[in-house]
Amino acid sequence: MPYINDVLADNSQSNQLAREVASLSGLRSRFAFDPEQIRIELEKHIVGQQAVIDALCQQLKVIKAGLHDSQRPLCVLLFIGDTGVGKTELVRTLARCIHGDNNPGFCRIDMNTLSQSHYSAAITGAPPGYVGSKENLTLLNEDAITGSSSRPGVVLFDEIEKADTAVVRSLMNVFDSGKLRLASGTRELSFCNSLVFMTSNIGSKQWAQTARHSGSRGIRQWQQWLPSLQSRLTGRQRSRATVIEEAMHSHFDPEFINRIDRIELFEPLTSAHLTAIVELELRQLNQRLRRQGVQVELHPSALDYLRDQGFDPLFGARSIKRKVRDLLMVPLAEALLSADRLQADKGSEAGASRVAGITLHGRNVDGKIEFDLKPAKE
Ligand SMILES: Nc1ncnc2c1ncn2[C@@H]1O[C@H](COP(=O)(O)OP(=O)(O)OP(=O)(O)O)[C@@H](O)[C@H]1O
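Residues numbered from 1 in each chain as written. Predicted model: local features only at pLDDT ≥ 70, side-chain atom pairs only at ≥ 80, totals over all residues. Heavy atoms only, no water.

Enquirer: Can you walk me through the pattern of salt bridges in this structure?
Expert: A side chain of one charge can pair with a side chain of the opposite charge when the charged atoms of the two come close. Under the criterion given, the structure shown has 16 salt bridges. The partner of Glu36 in a salt bridge is Lys61, and the shortest N-O contact between them spans 3.3 Å. Taken as a pair, Glu36 in helix H2 (residues 35-45) and Lys61 in helix H3 (residues 50-64) lie far apart in primary sequence, 25 residues in all. Note on Lys61: relative accessible area 40%, which makes it partly exposed. Here Glu281 makes a salt bridge to Lys321, at a shortest N to O gap of 3.2 Å. (Salt bridge = Lys/Arg side-chain N within 4 Å of Asp/Glu carboxyl O. Helix = DSSP H or I, 4+ residues; strand = E, 2+ residues; numbered from the N terminus. Buried < 20%, exposed > 50% of the residue type's maximum accessible area, 1.4 Å probe, protein only.)

Below you can see the structure in the form of structure tokens.
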């Protein structure tokens, strides 16, 4: 049993938090973020998921205008889609837009680690009498969840379908009341200032099978979360949404689904999207290189090579970053070091800074990216 002083200290802490949130909820536009600015940033960083970005920005406007319910999370969104299509990246980018590159960033819980009921204590902390109960230890990062008066917290429950039912039940309570009572019984975590996201791959396997077998599935009756999507979906997208919906209903209780504000489907990435993601990586690399006065340009043959090497049907675009590091950065590093040597041979002192204003042109030569060393500006 916790000591009475611990209980009092914890209670006064959670009362303080409750008071802060209550006092904030009466104010409008207390948030510093600008939904339109966030849209611009998301569109810069996330490829091929325009409909999801639009839906998210609409939610942000409602929150910014102070129209949300102050007794629950600011919003609860479920992102569904294949692996490696940008679900987590979208939340990461949003958290960066809201909090900058600094902490607290966002609180990400991998539900795979909470797939068995005896691990459910990890989310609510240990019950009284168990190790850790007095410390109120949980997987949740309180600062990232509560955010601050002008910035909402951002929480991501990744792969929600993997969570044990005890964990899902705790979450339902959070979505209802905005509160998570820690198992020690001494305090609560408030999610009333949090943007809550969940991700899931549910239905992906079933859709892959359906699409393989026919692709001409009948469209079933739409459930309540689908009509808003219906108008903007093509026939094929509607069939996919139906398969995903069926998978959701057979996995989750309706009580859980009903507590979600919006369910958004991420599109599978096309070849053009993958090329755009390679270009995105290249832009980020060029930003880092700008300080050194170096830029990289890639011939379409090199872009196609990186795209083909980086895409894995099982993992989506996940390995593009790794392939860029292995297949682009390694030869680029070699080319830059050669450029340094060339400069040194021309008589510059060892360790002198690199030639400013060079552009390196990369192309695919027999399955290897090679760089043209000639400086563009001499
Ligand atoms: N639409 C996209 N736009 C930009 N980058 C993307 C996109 N999709 C994937 N990526 C790249 O792939 C990596 C993995 O994507 P992400 O973590 O968002 O996958 P996910 O959809 O959350 O998959 P999972 O369901 O397996 O968690 C990202 O870090 C990013 O580099």
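Next, the rest of the story.
Enquirer: Help me understand helix H12 (residues 271-290), please; the structure alone is not making it clear to me.
Expert: Residues separated by three or four positions in an α-helix point in the same direction, a consequence of the helix having 3.6 residues per turn. An ideal rise of 1.5 Å per residue puts 28 Å on 20 residues; H12 measures up with 28 Å between its terminal C-alpha atoms. Inspection of H12 places Leu274, Thr275, Ile277, Val278, Leu280, Glu281, Leu282, Leu285, Asn286 and Leu289 among the buried residues, and these make up the whole buried set. At its buried positions, H12 is contacted by H2, strand E8 (294-298), helix H13 (300-310) and helix H14 (320-345). (Expected span 1.5 Å × (residues − 1). Contact = heavy atoms within 4.5 Å.)

Enquirer: What am I meant to see in the environment of Val174 here?
Expert: By the element assignment, Val174 lies in helix H7 (residues 165-177). On the basis of relative accessible area, Val174 is assigned to the buried category, the value being 1%. In sequence terms Val174 and Arg259 are 85 residues apart; their C-alpha atoms lie 9.7 Å from each other. The contact partners of Val174, leaving out residues within four places of it in the chain, are Pro73, Lys179, Leu180 and Phe191.

Enquirer: How should the pairing of strand E7 (residues 262-265) be read in this particular structure?
Expert: For a regular strand, side-chain orientation follows a simple rule: the groups alternate between the two sheet faces. Covered by surrounding structure in E7 are Arg262 and Glu264 together with Ile263 and Leu265, the residues of both alternating faces. When strand E1 (residues 75-80) meets E7, the two strands line up parallel, connected through 4 bridges. Residue pairing in the sheet places Leu78 in a bridge with Ile263 of E7. (Pairing = 2+ DSSP bridges.)

Enquirer: Help me understand the environment of Lys321 in this model?
Expert: By the secondary structure assignment, Lys321 is in helix H14. Measuring from C-alpha to C-alpha, the distance between Lys321 and Leu306 comes to 9.6 Å, with 15 residues separating the pair along the chain. Residues in contact with Lys321, not counting those within four places in the same chain, are Glu281 and Gln284.

Enquirer: Which parts of the structure should I look at to understand the sheet that holds strand E6 (residues 194-200)?
Expert: Read across the sheet, 5 strands follow the order E2-E3-E6-E1-E7 without closing on themselves; strand pairing throughout is parallel. Of all the strands in the sheet, just strand E2 (107-110) and E7 have a single pairing partner and so form its edges. For this sheet, the mean inter-axis angle between neighbouring strands, taken without regard to orientation, is 20 degrees. Two strands pair when backbone bridges link them, and E1 and E6 are joined in this way by 6 bridges, in the parallel orientation. Of the residues in E6, the one forming a bridge with Cys75 is Leu195. On top of the sheet, H3 reaches E1, E6 and E7; it is set at about 155 degrees to E7, its chief contact. Here helix H4 (residues 87-99) sits on the sheet in contact with E1, E2, strand E3 (153-158) and E6, set at roughly 170 degrees to E3. (Axes fitted to C-alpha atoms, helices over the stretch in contact; angles between N-to-C directions.)

Enquirer: What's the story with the sheet that holds strand E9 (residues 358-364) in this structure? I'm lost.
Expert: Adjacent strands of a sheet pair through backbone hydrogen bonds, lying either parallel or antiparallel. Spatial strand order, E8-E9-E10: 3 strands in an open sheet with mixed pairing. Sheet topology places E8 and strand E10 (369-372) at the edges, where each strand pairs with a single neighbour. For this sheet the average axis-to-axis angle between neighbouring strands, irrespective of direction, equals 30 degrees. Taken together, the 4 bridges between E9 and E10 define a ladder with antiparallel strand orientation. The residue of E10 that forms the bridge with His361 is Asp372. Contacting E8, E9 and E10, H13 runs over the sheet at an angle of about 60 degrees to E9. With respect to the sheet, H14 is in contact with E8, E9 and E10, its orientation differing from that of E10 by roughly 35 degrees.

Enquirer: Got a minute to help me understand the site of the ligand in this structure?
Expert: The ligand sits among 20 residues. The nearest are Val47, Thr83, Gly84, Thr88 and Arg318. At 3.0 Å from a nitrogen atom of the ligand is found a main-chain nitrogen or oxygen belonging to Gly86. In this structure, an oxygen atom belonging to the ligand sits 2.6 Å away from a side-chain N or O atom of Thr88. For the ligand, whose accessible area on its own is 630 Å², the fraction buried by protein is 92%. Broken down by secondary-structure element, the contributors of at least two residues to the shell around the ligand are H4 and H12. (Near = heavy atom within 4 Å. Polar contact = N/O pair within 3.5 Å; in protein donor to acceptor, adjacent residues only side chain to side chain. Areas by Shrake-Rupley, 256 points an atom, 1.4 Å probe, with all protein chains shown as cover.)

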